[in-house]
There are 2 protein chains.
Amino acid sequence: MKNKKLGVLGGGQLGRMLAQESIPYAVDLHFLDADPSFPAGQVCPSFHTGNFNNYDDVLNFGRQMDIITIEIENVNTDALKVLESEGKRVYPQASVIELIKDKGTQKQFYKKNNLPTSEFILADNKAAILQLIEDGHLKYPFVQKSRTEGYDGRGVSLIRSSQDDSKLMDTSSVIESLVDIDKELAISIAVNESKQKITFPVVEMVFNSEGNLLDYLLSPARIGEDINKRCIELAEKIVDKLGMTGILAIELFLTKNGDILINEIAPRTHNSGHHTLNASNYSQFEIHLRSIMNMPLNPIEQYKQAVMINLLGDKDYTGDAIYEGLEQVLSLDDVYVHLYGKKTTKPLRKMGHVNILENDDNVLDEKIEFVKSSLKVKA
Amino acid sequence: MKNKKLGVLGGGQLGRMLAQESIPYAVDLHFLDADPSFPAGQVCPSFHTGNFNNYDDVLNFGRQMDIITIEIENVNTDALKVLESEGKRVYPQASVIELIKDKGTQKQFYKKNNLPTSEFILADNKAAILQLIEDGHLKYPFVQKSRTEGYDGRGVSLIRSSQDDSKLMDTSSVIESLVDIDKELAISIAVNESKQKITFPVVEMVFNSEGNLLDYLLSPARIGEDINKRCIELAEKIVDKLGMTGILAIELFLTKNGDILINEIAPRTHNSGHHTLNASNYSQFEIHLRSIMNMPLNPIEQYKQAVMINLLGDKDYTGDAIYEGLEQVLSLDDVYVHLYGKKTTKPLRKMGHVNILENDDNVLDEKIEFVKSSLKVKA
């Protein structure tokens, strides 16, 4: 482990937190991204300037490494396949990244493997979607998701009726029927090279309707033992079918009928696991590192009930970031602020997150309200 | 806070762990030390090559910073005084570092302020010590400590009788009488600019007679409420008398009479606080950072009983470090390894540490034994 060079495609906040959590392991860590001023470059001296979407850049970077991982799916998988053929350990595997970064093939994978997910149709463009409606094969309301452009709520349109047709994106899409959702859940699972598996507690998500971004996350989710067990079993089945190494974040719908449906998966550390930096004995970043470097995976123990709140750029400001209310929030017991070091803010940009550990639900609600009303990113 | 440049004199493991813990705060962190391959340079891109003992190097480095701190006392305090006069915030203050880095003035400080410590005499060299014995002013056994050269057990000689006279160091020394020790304790206390104070739980230390280095540390110490309270009160009194900002580590003797005596103090993060990286809501590094950047200091909560074991270079090996037994130790529940990234090992060199969290004393003993017998640093 000690002398292996680990290369990460992408130098954003997920890379930054991976770098932080890898320090105790003295890993020889390297990043590839456009600019060393990016979040990971600020905390890792071995930052390679390049484009993780460019075939040559990924190949040249990967050839200097022993193990290659990602912090974003949107990377050049052709280069990763060559690296695999040359004996490099690419985790998650290139085929897994390729499958997942296209929401169409992702859906087909669920269907083929009898993994529960909502009904869907694939359509090449806006005209094809309108044709499906005209022909009676598609009924309002539905959700249109771009197969490849989606990230943080972008590339998703909710089409309620024909009046929303103007919101249809002219792109290759997955069309999903609306699900009658009781809760949105997520679970992260990691698998190491020796096929050891470990799951984090199931978490519950509440979304902000404005930006389609996570409003806050609660861990553990308020679900019964049966639902919990079914989530874990489903997570294990998914990684088995994928045959992957590394961490996988799984977003789930718990329907009002009690069904558990897969919404989306991401073969990497994920926004839904940021609370683990404070809430448990291992963070998602540490567990990802251990899984791809084939270290043992030990049980996760969460110390207290946790809430994670994204710290987003205020919607009215663009420019050099200024944090308002930071000192007040830092003065709260068991409230932990994580800033990503981004110099400039823009509307709804992810600038950091706040973890709150609190077992008392009333005190927790007060702290959530205080953090949300006090801490602002302006310019 | 966000736009302040923080400069650290020294780039060893204490700096490395400070860098790790400062990542969530997005601090603009810089180090000054001889080589960027040192532990802190591996995890911080802003590493300035220079000598923290050289007046010009410290002055030039400090002038580029807003706040200057240390990870070692043995720095050029003349330059720090100039920086203070130029309006830089130097924490701990230059006068505090100067007082503490000389064990003679440290002892005089205790005496002057009625702070409890063992009896002592100052002597300029070996001849002066032999003269004190001849004149009947000094009796065997005693401990000789070099006033300025001591670190990690170096610069300390136990002189039991005239047969040990050959072990006397020919240097300016503090001569201390032997204390009838029940336990060796330590407590860390931090003070921010606003004079907020916070203490970590009192810890108990067990030393390895071979290298005079810490064998293992137990937190919290097995002491009664009265002793605990007296340790905290003493810690508060010391920082008040010092008038310092930052963290102070205080090593104490609990005598068989129940007296609490100050052994040594260090105005920085310390080996006796390494368990806090896993055992509590804040680590000593995070609390030091918060204190010198005038952030609020919140109560420390330790989650479980903790043991910290130093990982030392095997006494028979010098060269490129190889870690034996790492995977076995990483597979233990609630056992956390911290490596410092040092490329070469030498006898008893501090290469890392292992934190064990375990409330069951029998299981704890088993884990300590397993770690100590399994994990080795060879070459």
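Quick summary incoming for the structure in this document. Quick caveat, the model's predicted, so the values are computed rather than measured.

1. Some thoughts on helix α5 (residues 103-112) of chain A
All names here are of chain A.
So, point 1. Among the residues of α5, K103, G104, Q106, K107, F109 and Y110 are the ones counted as buried.
So, point 2. Buried-residue contacts for α5 involve α4 (94-101), β6 (120-123), β7 (142-146), β9 (173-177), α7 (225-242) and β15 (260-266).
So, point 3. Sitting at the amino-terminal end of α5 is D102, which places a side-chain oxygen 2.6 Å from the backbone nitrogen of G104.
So, point 4. Positive backbone phi, approximately 55°, marks N114, located one or two places after α5.

2. Brief notes about the sheet that holds strand β5 (residues 89-90) of chain A
Residues and elements named next belong to chain A.
So, point 1. The sheet built from 5 strands is open, its strands ordered β3-β2-β1-β4-β5 with parallel pairing. Edge positions in the sheet fall to β3 (47-49) and β5, since each of these pairs with one other strand and no more.
So, point 2. The pairing of strand β1 (residues 5-9) with strand β4 (residues 67-70) spans 4 bridges and is parallel. Each bridged residue has a counterpart across the sheet, and for G7 the counterpart in β4 is I68.

3. Quick look at a negative patch on the surface
So, point 1. Taken together, the side chains of D360, D361, D365, E366 and E369 of chain A make up a negatively charged region of the molecular surface.
So, point 2. Residue classification places D360 of chain A among the partly exposed residues on the basis of a relative accessible area of 36%.

4. Focus on the interface of chain A and chain B
Interfaces are frequently sized by the accessible area removed from exposure as the parts join.
So, point 1. Chain A puts 40 residues into the contact, and the matching count from chain B is 40 residues.
So, point 2. Summed over both sides, the interface between chain A and chain B buries roughly 3200 Å², with carbon and sulfur atoms accounting for 60% of that surface.
So, point 3. On the chain A side of the interface with chain B, the three residues burying the most area are I23, P24 and L330 of chain A, jointly 19% of the side's total.
So, point 4. Here chain A is connected to chain B by 2 salt bridges.
So, point 5. Residues E301 of chain B and K304 of chain A are paired through a salt bridge, measuring 2.7 Å at the closest nitrogen-oxygen approach.

5. Looking at the pattern of salt bridges
Residue and element names in this part refer to chain A.
So, point 1. Scanning the model with the defined rule gives 42 salt bridges over all chains in all.
So, point 2. Taking the shortest distance from any N to any O, the salt bridge between E324 and K378 comes out at 3.5 Å. With E324 in strand β18 (residues 322-324) and K378 in strand β22 (residues 376-378), the pair connects residues that are 54 residues apart, well separated along the chain.
So, point 3. Taking the relative accessible area as the measure of exposure, E324 reaches 35% and is therefore partly exposed.

6. What to know about the relation of the copies chain A and chain B
So, point 1. Overlaying chain A on chain B yields an RMSD of 0.1 Å, the required transformation being a rotation through 180° with an accompanying axial translation of 0.0 Å. Those values place the two copies in the arrangement expected of a two-fold rotation axis. Of every C-alpha in chain A, the one belonging to P45 of chain A sits nearest the axis of rotation, 2.2 Å from it.
So, point 2. In this assembly the copies share their binding face: 100% of the residues contributing to the interface of chain A also contribute to that of chain B.

Criteria and thresholds
Residues numbered from 1 in each chain as written. Chains lettered and ligands numbered in written order. Predicted model: local features only at pLDDT ≥ 70, side-chain atom pairs only at ≥ 80, totals over all residues. Heavy atoms only, no water. Buried < 20%, exposed > 50% of the residue type's maximum accessible area, 1.4 Å probe, protein only. Helix = DSSP H or I, 4+ residues; strand = E, 2+ residues; numbered from the N terminus. Contact = heavy atoms within 4.5 Å. Polar contact = N/O pair within 3.5 Å; in protein donor to acceptor, adjacent residues only side chain to side chain. Pairing = 2+ DSSP bridges. Patch = residues over 30% accessible without salt bridge, like charges linked within 9 Å, V, L, I, M, F, W, Y side chains within 5 Å. Areas by Shrake-Rupley, 256 points an atom, 1.4 Å probe, with all protein chains shown as cover. Salt bridge = Lys/Arg side-chain N within 4 Å of Asp/Glu carboxyl O. Lys, Arg positive; Asp, Glu negative; His and termini not counted. Charge placed at Lys NZ, Arg CZ, Asp CG, Glu CD. Buried area = accessible area lost by both parts, 1.4 Å probe. Least-squares fit on C-alpha atoms with pLDDT ≥ 70 in both.

In short, shape yes, function no, at least from these values alone.
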